[in-house]
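In case you want the letters, here they are:
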Amino acid sequence: MKNKKNQRDGKTISIWQRPMMQPPFSEDILNSVYDAIIVGGGITGLTTAFNLQRAGKKCILVEAKNLGFGTSGGTSAHLNTFFDSSYPEIDSNFGKEASKAMATASKRMIKTIQANIDELNIEADFEYKSGFLFSQNEKETQQLDEILSSSKAAGVMVEESGDNGVPVRFLKAIEFSNQAQFHPLKYIDGLARGFLSLGGRILENTFIEEVKESHGLHYATGGAMEIQGRNLIWATHIPPGINLLSLRNAPYRSYVLAVKLNNETYPDCLSYDMQEPYHYFRSHEIDGQKYLIAGGEDHKTGHEDSEDAFRALEQYITANFDVLSVDYKWSSQYYVPVDGLPYIGLLPGAADGTFVATGFNGNGMILGSLAGEILSDLILGRDNDLSVLLSPSRLKPLSGLSDFVKENADVAYHFVADRFGSELLASLKSFPIGEGKIVKFQGERLAVHKDAHGKVRALSPVCTHAGCIVNWNRVEQSWECPCHGGRFDIDGSVITGPPKTPLKKIEVPHR
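Source: prediction; values computed, not measured. (Residues numbered from 1 in each chain as written. Predicted model: local features only at pLDDT ≥ 70, side-chain atom pairs only at ≥ 80, totals over all residues. Heavy atoms only, no water.)

A.B. asks: Even after reading the chapter, I still don't get empty space enclosed by the protein, so can you show me in this structure?
C.D. replies: If a probe the size of a water molecule is rolled over the atoms, the empty space left behind becomes visible. Taken as a whole and judged by the stated rule, the model has one cavity of 30 Å³ or more. If you add up the space inside the largest cavity, you get close to 40 Å³. Residue lining of the largest cavity: Phe83, Ser85, Met102, Gly340, Leu341, Pro342, Phe360, Asn361, Asn363 and Leu367, and that is the complete set. Among the residues forming the lining of the largest cavity, the class breakdown is six nonpolar, four polar and no charged. (1 Å grid on protein atoms, 1.4 Å probe; cavity = no way out; pocket = protein on both sides within 12 Å on 5 of 7 lines; lining within 4 Å. Points joined across faces, edges and corners; volume = space filled by probe spheres on them. Nonpolar A, V, L, I, M, F, W, Y, C, P; charged D, E, K, R; others polar.)

A.B. asks: Just to check I follow, could you spell out the environment of Ala312 for this structure?
C.D. replies: Within the element layout of this structure, Ala312 appears in helix α8 (residues 306-320). When the C-alpha positions of Ala312 and Gly296 are compared, they lie 9.3 Å apart, and in sequence the two are 16 residues distant. (Helix = DSSP H or I, 4+ residues; strand = E, 2+ residues; numbered from the N terminus.)

A.B. asks: Sorry if this is basic, but what is going on with unusual backbone geometry here?
C.D. replies: Note on backbone geometry: most residues besides glycine have negative phi, and most peptide bonds are trans. The omega torsion across Glu276 and Pro277 is 0 degrees, close enough to zero to call that bond cis. Here Ala77, not a glycine, exhibits a phi torsion of approximately 60 degrees, which is positive. By secondary structure assignment, the location of Ala77 is in the loop between α2 (71-74) and β6 (78-79).

A.B. asks: Would you mind going over helix α4 (residues 96-120) with me for this structure?
C.D. replies: Helical periodicity: at 3.6 residues per turn, an α-helix aligns residues three or four positions apart in one direction. For α4, with 25 residues, the first-to-last C-alpha span of 36 Å sits near the 36 Å given by 1.5 Å per residue. Along α4, the residues that are buried comprise Ala98, Ser99, Met102, Ala103, Ala105, Ser106, Met109, Ile110, Ile113, Asn116 and Ile117. (Expected span 1.5 Å × (residues − 1). Buried < 20%, exposed > 50% of the residue type's maximum accessible area, 1.4 Å probe, protein only.)

A.B. asks: Looking at this structure, I do not really get the pattern of salt bridges. What am I missing?
C.D. replies: Any two side chains of opposite charge can pair, so long as their charged atoms come close to each other. Evaluation of the coordinates by the stated rule reveals 19 salt bridges. A salt bridge links Lys172 to Asp145, with the shortest nitrogen-to-oxygen separation between them at 2.4 Å. Of the two residues, Lys172 is situated in strand β9 (residues 172-181) and Asp145 in helix α5 (residues 138-154); the sequence distance between them amounts to 27 residues. Owing to a relative accessible area of 18%, Lys172 belongs among the buried residues under this scheme. (Salt bridge = Lys/Arg side-chain N within 4 Å of Asp/Glu carboxyl O.)

A.B. asks: Could you clarify how one ought to interpret the sheet that holds strand β26 (residues 487-488) in this entry?
C.D. replies: Strand-to-strand pairing in sheets goes through backbone hydrogen bonds, with the strands running parallel or antiparallel. An order of β24-β25-β26-β27 is seen for the four strands of this open sheet, with the pairing classed as antiparallel. Of all strands in the sheet, those with a lone pairing partner are β24 (471-473) and β27 (494-496), marking the two edges. The sheet contact formed by β24 and strand β25 (residues 478-480) spans three bridges and is antiparallel. Each bridged residue has a counterpart across the sheet, and for Asn473 the counterpart in β25 is Ser478. (Pairing = 2+ DSSP bridges.)

A.B. asks: Would you explain the packing of aromatic side chains in this entry?
C.D. replies: Centre-to-centre distance and the angle between the planes together describe a pair of aromatic rings. Throughout the structure, instances matching the rule amount to 13 aromatic pairs. Taken together, a centroid distance of 5.3 Å and an interplanar angle of 90 degrees make the contact between Phe82 and Tyr272 edge-to-face. Within this pair, whereas Phe82 is found in the loop between β6 and α3 (87-94), its partner Tyr272 is found in strand β15 (residues 270-272), the two being separated by 190 residues in sequence. Here Phe82 matches Tyr272 in class, with each residue buried. Between Tyr291 and Tyr328, the ring centres sit 5.8 Å apart and the planes meet at 80 degrees, which makes this aromatic pair edge-to-face. In this pair, Tyr291 sits in strand β17 (residues 289-300) while Tyr328 sits in strand β18 (residues 323-337), placing the two residues 37 residues apart along the sequence. Across this residue pair, the class does not change: Tyr291 and Tyr328 are buried. Following the ring pairs from residue to residue traces out a cluster consisting of Phe82, Phe176 and Tyr272. Across from the ring centre of Tyr34, 5.5 Å away, lies the NZ or CZ of Lys58, which sits over that ring. Geometry around Phe310 places Lys329 over its ring, the cationic atom sitting 4.9 Å from the centre. (Phe/Tyr/Trp six-rings, centres within 6.5 Å; stacked < 30°, edge-to-face > 60°. Lys NZ or Arg CZ within 6 Å of the ring centre and 35° of its normal.)

What follows is the structure, encoded as structure tokens:
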């Protein structure tokens, strides 16, 4: 079996990622007052921007990299009527009416995505599929029975099944009807074109460094640019800086492989096991070639070795499928909310007119679309039944307290132990090519990387968000904060918030 890596600048890329449009810059961008500044060019930002612009608002979308650079470009693009926070969990934390509301919303979002595709003539490979969830032991079977009962009560179309859709052993399976899949970046590209055709503005490669509010206007600064808007939307997974939502969400990374099979028996469904962490499967045809897309091995950002995660995922796939080649591998980040539901609405403690959407767990395509609906409704003054349930200001249910403590206990540890603890690693002399490590040099802790040409870069390892010490991700060639999920490249520039400023560069004398 051959293993072909697809990389760009040393970082893995997904099967979806390819060059997209580059909207032209116009000087009038800087001389306008917008109804909304949307920061983030993924599915949340573009859905919100399109909805508002279509309703007659004047909007600008600002993306630090390129459209779909982040999690929207790294998703496995499942569209589900069930969530990573299962309906029994939602029942327990929020009540059965909340489960019904979320089930209704998930069905509506799949239809909304399809409607946008039809309206904008997007070739997004949208297809309805059955989705199978299956157990492999008695404990999982008991959980599966609870999910079946609660899902039905919530109004989801689901039944027991004698099949799980994939060649993986199982004890019991249930089948969810009217699930779907699509090509996420084709969809995002189509939304962007629709937004632009309505007079919207897009700025790529523009990192918002500072936001101020004065006399009812937000002033967003990126480099020498200042953009003015009546509302500001952080569609960046987690809002920058230290705020309430930094403590109510835990950052995770998920791993995905796209592989070719020898026997062409690609599953014609979506399928999920119930392991912890769980694995998920589907197929997609890209440029005439079919691929099995399989993911899993999730862990908290900055806490495990990415190479180990990819290795375990490949072993799992090859143990169950006849794999010809591994053609793509990538990982992406998502945030797990402490009480199981996303936070969508006004950002607590921020200036009036500041909105946020975060805590999508592994359901970003559905919940990002839902966020676009809720945020645009709030700005347009429309009623939305979910705006109270999903408000970022909601009080966390007591049933979520143990999860909150568990997810954030290690955050407190890193604040202290990373400063005073643990054994320091190898010296610069023994430093391997392409590696990054935390080392001690002339009495200082450094985050050091040596590139393929032997050039050494040294940075302060202190995350500029809340002061934790970053860890090295060998596969993605990035520095990652184990506390709140901030990510930096080898030069210290911010890849993923919530940090707003780069890691401090440190001059290292050459011997």
